[in-house]
Amino acid sequence: MTNKNQQPRELGISEAELAAMTSDLDQMHRDSSLPALTESVDEWVSANKDEETSSALGGASRRTFLLGTGAAAVGGLLLAACGSSGSSSSSTTAAGGATGAKYPANLTGDLKVAALAASLENLAVYTYTAGIQAATAGKLGTVPPAIVTFATTARSQHMDHAAAWNAVLTGAGKTKVTETDPVLTPVIQKMFAKVTDVTGLAELALEVEEGAGATYQSGIGALSSPKGVAAAASIQPVELQHAAILLFVLGQYPVPNAFSPTSSARPLTDLNT
Amino acid sequence: MTPQPKGLAEIDEHQLLDLVEESADLHADSMRGIAEPLEEMVELEHERRLEQPDPDETSAFTRARDAQLTKAFGGKMLVAAGAGAALVGLLSTDAFASAPTNVQILQTAASIENLAVATYGVALTLPFIGGSEANPVVKTFATMTMSQHQQHGQAFNTAIARLGGTKQTNPDPALLAVVNQAKPGLTSAGPVVALALELEQGAAETYVANVSALTDNNAQAVTASIMGVEAQHAAILRAVQALVEGNDASAITLPPPVASLPAAAGSVGFPDSFFPTNQARPATEGAVK
């Protein structure tokens, strides 16, 4: 094990070499996974249109019920926390939606799951944006370049995720979700107000990532459309990868669970607030 | 030299062991969550087996898997194994179309886990992975990951046995060929990490593909709880690989020396916004014949 007093030193791999590796991986992503997901979402949009026509999306299914009950305890805890939270940590990044628009009315079934997912992705984007802005303003002390890259890349991926879910909503004739999860947002804002360094920011991001991953895992059981399941299944591992890197950076074991839990999944009732 | 960010301190070996113990506690919590889906899955499958196979369900499953297989045939591991033609033949058989698909999927998943356990076991016999020359973080990671794959295999096999199926105790045959081909070249950490990454990525992609193809809700839940874990293994291995390929394996510490890492290191572990499935293994590849 490395000596605790050892000073960090420059690595043998150069920035250019690593950037080239990252560029190759990004190209693979653009060539392979992104088109596949786009196709999947397009097919799901078509399926939603068909189901809307026949009024098949109305009513709560057993799967929807399962998602709602999966996170009841956590939801209650966060609601309690919200009750005592009146703070807003960031004056530079809006949470809750730039336009103040409410969630699309009367969403049910898969479309409500898509709206919840979009609101969580928006919250992740908000969190990373606020963190990057705080770092840029010098509020977090010295921020290593690798941390900046992590935050900007993770934020970009969350924007991709939000766009995918919003494509499903707009494809079904609904409006985009531009708000952040209304129950979780005040909790995250309250936590962000206490962030003073990179470690605090990483801990906050970990909270968001683990919640998102758990919600997608729970959502897999709640979605009725196979295409919707495929979309959630393609995103859950990415959120957990973000979480693993954050754990590693925080000096915690990066893969703590042999089976990923759903205890921190957000319920659909978040959108009823 | 860039200073270490505030709050990030390196951890000694005793602290690492403490973290592993904490991780075990967390794992015990997650195991409680997985028990219920497994039990429900067993009950539902027993009910299903009393009925005739549903032709529509079978057809839908076959179409879904065919779509994944089309992508899988482009995967480099399958090409390396030279098994593409054999699998195309298998796909066209009636046996595939009418098989109890959830059991086959579980058997294939178990076979992938069996291979992973065996591969990490071999790796840990190497002095630079599990011996005195080994980096402690790499050794701990290999040991913990092997244990997690053992648990995955046990979970899949428990479900298979209770469904009345035959436990899969053998490794995935196509992937075994890949591992055997790689063995002579495992003379340093780089090739070992590359092989482990290939297996982890393949496992994660297989489970992502299976989650959207499975017809049984509880089989789906079990698989979904494992796919992200394999993806996490892959993320850490990608980060380790970047350091190993940079000839600076000593930088693999917990936490890593974040302040001195190149900027691009921050994203090397998670290259995809959407997890791909082009290396997913065919559903029947590891099924008991």
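Please read all numbers here as calculations on a predicted model, not as lab measurements. (Residues numbered from 1 in each chain as written. Chains lettered and ligands numbered in written order. Predicted model: local features only at pLDDT ≥ 70, side-chain atom pairs only at ≥ 80, totals over all residues. Heavy atoms only, no water.)

Before we go on, may I ask you to explain the overall build of chain B in this structure?
Along chain B, the regular secondary structure elements total ten helices and zero strands. Listing the helices and strands of chain B from first to last along the sequence gives α-α-α-α-α-α-α-α-α-α. Accessible surface computed for chain B: about 11,100 Å², of which carbon and sulfur atoms make up 56%. (Helix = DSSP H or I, 4+ residues; strand = E, 2+ residues; numbered from the N terminus. Areas by Shrake-Rupley, 256 points an atom, 1.4 Å probe, with all protein chains shown as cover.)

Help me out: how do you make sense of the pattern of salt bridges in this one?
Here the idea is simple: oppositely charged side chains can pair when their charged atoms come close. Residues and elements named next belong to chain B. Within this structure, the stated rule accounts for two salt bridges over all chains. Between Arg281 and Glu285 there is a salt bridge, and its shortest N-O distance comes to 2.7 Å. Classification of Glu285 as buried rests on a relative accessible area of 4%. (Salt bridge = Lys/Arg side-chain N within 4 Å of Asp/Glu carboxyl O. Buried < 20%, exposed > 50% of the residue type's maximum accessible area, 1.4 Å probe, protein only.)

Can you help me understand the nonpolar core in this one?
Generally speaking, a soluble globular protein has its nonpolar side chains buried in company with each other. A:Trp165, A:Ile220, B:Ile129, B:Phe156, B:Tyr207, B:Met227 and B:Ile236 are the most contacted members of the largest nonpolar core, which totals 124 residues. With 15 residues, the top contributor of residues to this core is helix α4 (residues 109–136) of chain A. Among all residues touching B:Ile129, those that are not within four sequence positions of it are B:Ala123, B:Leu124, B:Ala134, B:Val138, B:Lys139, B:Ala142, B:Ala189 and B:Val192. (Core = buried A, V, L, I, M, F, W, Y, C linked by side-chain atoms within 4.5 Å. Contact = heavy atoms within 4.5 Å.)

Honestly, the environment of A:Leu247 in this entry has me stumped. Any pointers?
Residue and element names in this part refer to chain A. As for its placement among the helices and strands, Leu247 is situated in helix α8 (residues 226–249). Leu247 gets classed as buried once you look at its relative accessible area, which sits at 5%. For the pair Leu247 and Ile147, spaced 100 residues apart in sequence, the C-alpha separation works out to 13 Å. If we skip the residues at most four places from it in the chain, Leu247 touches Leu206, Glu210, Gln252, Tyr253, Pro254 and Pro256.

Could you clarify how one ought to interpret helix α9 (residues 189–213) of chain B in this entry?
In an α-helix there are 3.6 residues to a turn, and that puts residues three or four apart on one side. An ideal rise of 1.5 Å per residue puts 36 Å on 25 residues; α9(B) measures up with 36 Å between its terminal C-alpha atoms. α9(B) sits mainly inside the fold: 21 of its 25 residues count as buried. (Expected span 1.5 Å × (residues − 1).)

Mind showing me how you'd approach the packing of aromatic side chains here?
The geometry of two aromatic rings is summed up by the distance between their centres and the angle between their planes. All names here are of chain B. Under the criterion given, the structure shown has four aromatic pairs over all chains. An angle of 50° between the planes, with centres 5.7 Å apart, marks the rings of Phe156 and Tyr207 as tilted. Placement of the pair is Phe156 in helix α7 (residues 136–162) and Tyr207 in helix α9, with a sequence separation of 51 residues. The same class applies to Phe156 and to Tyr207, which are both buried. (Phe/Tyr/Trp six-rings, centres within 6.5 Å; stacked < 30°, edge-to-face > 60°.)

Explain the side chain of B:Ser273 to me, please; I cannot follow it from the model alone.
Here B:Ser273 shows up in the segment after α10 (217–245). A residue is classified by how much of its surface remains accessible, and B:Ser273, at 3% relative accessible area, is buried. A distance of 2.7 Å separates the side chain of B:Ser273 from the side chain of A:Asp160, its partner in a polar contact. (Polar contact = N/O pair within 3.5 Å; in protein donor to acceptor, adjacent residues only side chain to side chain.)

Honestly, the packing of α8(A) against α10(B) in this entry has me stumped. Any pointers?
In a packed pair of helices, the relevant descriptors are the angle between the two axes and the axis-to-axis distance. Contact geometry for α8(A) and α10(B): axes closest at 8 Å, N-to-C directions at 45°. Comparing their axes, α10(B) and α8(A) come out oblique. The crossing of α8(A) and α10(B) is right-handed. Across the interface between the two elements, A:Val229, A:Ala233, A:Gln236, A:Pro237, A:Leu240, A:Gln241, A:Ala243, A:Ala244, A:Ile245 and A:Phe248 from α8(A) touch B:Gln220, B:Ala224, B:Met227, B:Gly228, B:Ala231, B:Gln232, B:Ala234, B:Ala235 and B:Ile236 from α10(B). Split into classes, the residues belonging to the contact of α8(A) with α10(B) amount to 14 nonpolar, five polar and no charged. (Axes fitted to C-alpha atoms, helices over the stretch in contact; angles between N-to-C directions. Parallel < 35°, antiparallel > 145°, perpendicular 65-115°, else oblique. Left-handed = near helix turned anticlockwise from the far one by under 90°. Nonpolar A, V, L, I, M, F, W, Y, C, P; charged D, E, K, R; others polar.)

Quick question: what am I supposed to make of helix α6 (residues 184–192) of chain A here?
Counting buried positions along α6(A) gives seven out of nine residues, so the element sits mostly inside the fold. Within α6(A), burial applies to A:Leu184, A:Thr185, A:Pro186, A:Val187, A:Ile188, A:Gln189 and A:Phe192.

Looking at this structure, I do not really get the environment of A:Gly138. What am I missing?
All names here are of chain A. Residue placement: Gly138 occurs in the loop between α4 and α5 (145–171). Residue classification places Gly138 among the exposed positions, given a relative accessible area of 52%. Counting along the chain gives 55 residues from Gly138 to Ala193, while the straight-line C-alpha distance between them is 15 Å.

I'm lost on unusual backbone geometry in this one. Help?
Trans peptide bonds make up the majority, and among non-glycine residues the majority have a negative phi. Cis peptide bonds are those with omega within 30 degrees of zero, and the linkage from B:Leu254 to B:Pro255 qualifies with -5°. With respect to the element layout, B:Pro255 can be found in the segment after α10.

Even after reading the chapter, I still don't get the confidence of the model for chain A, so can you show me in this structure?
All names here are of chain A. The pLDDT averaged across chain A works out to 76; a share of 63% of its residues lies at or above 70. Confidence drops under a pLDDT of 50 for residues 1–13, and excluding neighbours within four residues, the segment shows 41 contacts in the predicted structure. Low pLDDT, under 50, characterises residues 53–93; the stretch is placed with 66 contacts to residues that sit more than four places away or in other chains. (pLDDT = per-residue confidence, 0-100.)

Would you mind going over the confidence of the model for chain B with me for this structure?
Residue and element names in this part refer to chain B. Of all residues in chain B, 65% attain a pLDDT of 70 or more, and the chain-wide mean is 77. The least confident element of chain B is helix α4 (residues 84–91), whose mean pLDDT is 30; the most confident is helix α8 (residues 173–182), at 97. When the criterion is pLDDT under 50, residues 1–11 qualifies, and its contacts beyond four places in sequence or with other chains add up to 42 contacts. Contacts of residues 48–59 to residues separated by more than four positions or lying in other chains number twelve contacts, the stretch itself having pLDDT below 50. Reported for the predicted complex are a pTM of 0.75 and an ipTM of 0.75.

Just checking my understanding: could you explain the packing of α9(B) against α10(B) for this structure?
Residues and elements named next belong to chain B. Between α9 and α10, whose axes approach to 8 Å, the crossing angle comes to 155°. Taken together, α9 and α10 sit at an angle that is classed as roughly antiparallel. Seen from above, α9 lies across α10 with left-handed handedness. When the residues that make up the contact of α9 with α10 are grouped by side-chain class, the tally is 18 nonpolar, seven polar and three charged.

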